Amino acid sequence: MDFKRIHSGSLSGESLHPRKKSCRVTRLNLLICMVLCAGFALLGLNVYQLHQMREEHLLHAREDHPITIVEGQVDKPMGNPPVVWIQGKRIETGYLNHVKIVFERLGFFVTHHGDVEWDVLWAHDYPFVTLKHALVDLQPHQRVNHFPGSGYITNKGILATMQLDAFPKCFRIPKDRDKLEEYAKLNPGTMWVQKNNNHRGIRIKQIEELDLNSEGSFIQEFISKPLLIDKRKFDIGVYVVMTSLSPLRVYMLEDESLFRFCPENYYPFDKDNVNKYVVHDAYTPMWKIPSLQQLYTEQNYSFKETFNRYMKNQGYNVSKIWEDIHSTILAVYLKKHPSLMQAGTVYKSTRNFFELVRFDFMLDENLKLYLMEVNMSPNLSTNHFMGNKRLYQHVIYNVLRVSRIASMVYNQFSNIKRC
Ligand SMILES: *[C@@H]1O[C@H](CO)[C@@H](O)[C@H](O)[C@H]1NC(C)=O
Ligand SMILES: *[C@@H]1O[C@H](CO)[C@@H](O)[C@H](O)[C@H]1NC(C)=O
Ligand SMILES: *[C@@H]1O[C@H](CO)[C@@H](O)[C@H](O)[C@H]1NC(C)=O
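Residues numbered from 1 in each chain as written. Chains lettered and ligands numbered in written order. Predicted model: local features only at pLDDT ≥ 70, side-chain atom pairs only at ≥ 80, totals over all residues. Heavy atoms only, no water.

Asker: Now, about the overall build of the protein chain: what can you tell me, with residues and values included?
Answerer: Of regular secondary structure, the protein chain possesses 13 helices and 16 strands. For the protein chain, the residues scored as buried account for 53% of the 419 residues in total. Working note: accessible area of the protein chain is about 20,200 Å², and carbon and sulfur atoms make up 50% of it. (Helix = DSSP H or I, 4+ residues; strand = E, 2+ residues; numbered from the N terminus. Buried < 20%, exposed > 50% of the residue type's maximum accessible area, 1.4 Å probe, protein only. Areas by Shrake-Rupley, 256 points an atom, 1.4 Å probe, with all protein chains shown as cover.)

Spelled out as structure tokens, the structure:
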């Protein structure tokens, strides 16, 4: 039988439609495709979770029809709409606008003040210190977009020293100083990046230039032979959401990812020119890369399809890359699960929490995958690139869907006749 892939992003409004894509499935793999249709696919399924997913999916599948919210009709919601408190510093600059738009389309009432009764808190920064007063006594229906202790996943220092296969070689200073010197001796010419948790910028150094006494910093091997597309270094941002700790439920956004390119060609390499090797705010978007432009702009492929098609054309095994990405993400969560459980014990229940993060990966010339960092509160602002609007709204909508927040509105109207 033929089955046209329906997408979870298809609320009303063009912007929520992911780019065209269809998949043919046989009866046998129908279930798998349905899971993927939710946008986010569950990593590491077990039987219990699969059962849950099916139920959730069936519930959501029905939701597609009754909720048709047209932009502009959200000012006067019917009944008592659920309330979302969107919280962040300098919120007036609009960097959380897409979060607001998606919540409003779903029928939520949006406030930026915590002094009302709220159902969902979407806080840009980690809220468990600054907003602790609001979080100590959560009601069962209240949901917060972070997990206590999520730094176990997103903290650069902790991540760097996890000894994952997919992590560049890393040494803690001063603890691992001897090991570093030994490794550097065996691998002359290696370049290094010294980081600490507060410091975002990166600078490449030779071993002699490193500060081997800087307490609390860590030193990471620089991946000096990255895979290039049109001579540019790039990274792959993969959106991941954890919706439950016990049992552990982690979803990866399956049908789209963020691809960011450095603004200048990588070779000839120059360590004093970060535009060659750092993906920063003023990165080059995919639609400006000549070899990708046509697929993306004319063929209307998604970012991820564009990348996959290009890579296949070059003879690379794309399935391998995405498999490595899956297993790396899963490994991070499995490894940090006990710490997260521990951090959660301070709260009555961890069922109140969910969290979206972005895993940033890069590939080297041999297609070896490296996890560079995990971002808490990934950037969802289109102040710089309006072209990311579709991706960001798709991400937010799917987060709300797998965390069962989108269905809060549906529950409100459940007495209304369904088709
Ligand atoms: C988000 O990214 C854009 C560039 O894409 C940048 O201009 C902006 O400062 C970033 N916002 C935040 C909050 O990091
Ligand atoms: C891509 O989208 C544009 C605008 O929606 C449309 O005009 C064009 O025909 C589409 N191209 C293909 C190949 O589907
Ligand atoms: C591509 O990689 C996948 C996953 O590692 C593997 O199963 C498959 O055989 C590979 N395909 C080719 C053509 O090498």
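Asker: Could you give me a rundown of the nonpolar core, with the residues and numbers involved?
Answerer: Counting residues in each nonpolar core, the largest one holds 98 residues, and the members touching the most others are Phe103, Trp122, Val238, Phe307, Tyr333 and Phe359. When residues are assigned to domains, this core turns out to be shared by domain 2 (83–144) and domain 3 (151–162 + 230–408), each giving three or more. What Tyr333 contacts, discounting residues up to four positions off in sequence, is Ile153, Val240, Met242, Leu248, Val250, Val357 and Phe359. Core analysis: the next-biggest nonpolar cluster, separate from the first, contains nine residues, Phe171, Tyr183, Trp192 and Leu212 among them. (Core = buried A, V, L, I, M, F, W, Y, C linked by side-chain atoms within 4.5 Å. Domains from an automatic or database assignment. Contact = heavy atoms within 4.5 Å.)

Asker: Can you break down the packing of aromatic side chains residue by residue, with the values?
Answerer: Enumeration over the complete set of coordinates arrives at 28 aromatic pairs. Between Tyr266 and Phe269, the aromatic rings sit 5.1 Å apart at their centres with planes inclined by 45 degrees, giving tilted as the arrangement. Using a relative accessible area of 26% as the deciding quantity, one classes Phe269 as partly exposed. (Phe/Tyr/Trp six-rings, centres within 6.5 Å; stacked < 30°, edge-to-face > 60°.)

Asker: Explain the sheet that holds strand E5 (residues 143–144) residue by residue, including any values.
Answerer: Ordered in space as E3-E2-E4-E5, the four strands form an open sheet in which the pairing is parallel. Two strands in the sheet have a free side with no partner beyond their single neighbour: strand E3 (109–111) and E5. Taken together, the four bridges between strand E2 (residues 83–87) and strand E4 (residues 120–123) define a ladder with parallel strand orientation. Counterpart to Ile86 in the pairing with E4 is Trp122. (Pairing = 2+ DSSP bridges.)

Asker: Outline the site of ligand 1, supporting the account with residue identities and numerical values.
Answerer: Within the structure, ligand 1 sits among Asp281, Tyr283, Asn379, His384 and Phe385. Within the side chain of Asp281, an N or O atom sits 3.4 Å from an oxygen atom of ligand 1. Of the residues that constitute the shell around ligand 1, the class distribution is two nonpolar, two polar and one charged. (Near = heavy atom within 4 Å. Polar contact = N/O pair within 3.5 Å; in protein donor to acceptor, adjacent residues only side chain to side chain. Nonpolar A, V, L, I, M, F, W, Y, C, P; charged D, E, K, R; others polar.)

Asker: Report on the pairing of strand E12 (residues 248–253), specifying residues and quantitative values.
Answerer: Two faces, one strand: in a regular strand the side chains alternate between the faces of the sheet. Of all six residues making up E12, six are buried, and the element is well covered by its neighbours. Both faces of E12 are covered, namely the face carrying Leu248, Val250 and Met252 and the face carrying Arg249, Tyr251 and Leu253. In terms of strand pairing, strand E11 (residues 232–245) meets E12 through five bridges, oriented antiparallel. Of the residues in E12, the one forming a bridge with Ser244 is Arg249. Hairpin geometry of E11 and E12 is characterised by an intervening segment of two residues between the two adjacent antiparallel strands.

Asker: Provide a residue-level description of the side chain of Gln194, including the pertinent values.
Answerer: You can see Gln194 is positioned in strand E7 (residues 192–195). Within the structure, Gln194 has its side chain in polar contact with the side chain of Ser217 (distance 3.1 Å).

Asker: Can you break down helix H8 (residues 177–186) residue by residue, with the values?
Answerer: Buried within H8 are the following residues: Leu180, Tyr183 and Ala184. Angularly, the buried residues of H8 cover 100 degrees about the axis, an arc narrow enough to put them on a single face. Residues of H8 that are exposed and point over 90 degrees away from its buried face: Asp178, Glu182, Lys185 and Leu186. Of the surrounding elements, those touching the buried residues of H8 are strand E6 (170–173), E7 and strand E9 (217–221). (Arc of directions from axis to C-beta.)

Asker: Before we move on, can you summarise the sheet that holds E7 with the specific residues and values?
Answerer: Pairing is antiparallel across the open sheet formed by four strands, whose spatial order is E6-E9-E7-E8. If you trace the sheet from one side to the other, it starts and ends with E6 and strand E8 (204–205), each paired once. Here E7 pairs with E9 via four bridges, running antiparallel. Of the residues in E9, the one forming a bridge with Trp192 is Glu221. Running over the sheet, H8 touches E6, E7 and E9 and is turned about 140 degrees from E6. (Axes fitted to C-alpha atoms, helices over the stretch in contact; angles between N-to-C directions.)

Asker: Pulling in residues and values, what's your account of the packing of helix H10 (residues 303–313) against helix H11 (residues 318–344)?
Answerer: Axis separation between H10 and H11 bottoms out at 9 Å; the angle between their running directions is 130 degrees. On the basis of the axis angle, H10 is oblique to H11. Across the interface between the two elements, Lys304, Phe307, Asn308, Met311 and Lys312 from H10 touch Val318, Ile321 and Trp322 from H11. Looking at side-chain class alone, the contact of H10 with H11 contains five nonpolar, one polar and two charged residues. (Parallel < 35°, antiparallel > 145°, perpendicular 65-115°, else oblique.)

Asker: So what's going on with the packing of helix H3 (residues 97–106) against helix H12 (residues 389–402)? Which residues, and what values?
Answerer: Geometrically, a packed helix pair is captured by the angle between its two axes and the distance between the axes. The geometry of H3 relative to H12 is characterised by a closest axis approach of 9 Å and an angle of 55 degrees between their N-to-C directions. It follows that H3 is oblique to H12 by the angle criterion. Along this stretch, H3 crosses H12, giving a crossing that reads as right-handed. Between H3 and H12, the contacting residues are His98, Val99, Ile101, Val102, Phe103, Arg105 and Leu106 on the first element and Lys389, Gln393, Ile396, Tyr397 and Leu400 on the second. The residue inventory of the contact of H3 with H12, partitioned by class, reads eight nonpolar, two polar and two charged. (Left-handed = near helix turned anticlockwise from the far one by under 90°.)

Asker: Explain the pattern of salt bridges residue by residue, including any values.
Answerer: Taken as a whole, this structure holds 12 salt bridges when the rule is applied. A salt bridge links Lys89 to Asp125, with the shortest nitrogen-to-oxygen separation between them at 3.5 Å. Separated by 36 residues along the polypeptide, Lys89 in the loop between E2 and H3 and Asp125 in the loop between E4 and helix H4 (127–130) bring together distant segments of the chain. Overall, Lys89 belongs to the exposed group, its relative accessible area being 60%. Classification of Asp125 as partly exposed rests on a relative accessible area of 30%. Its salt-bridge partner being Arg260, residue Asp235 comes within 2.7 Å of it at the nearest N-O pair. (Salt bridge = Lys/Arg side-chain N within 4 Å of Asp/Glu carboxyl O.)

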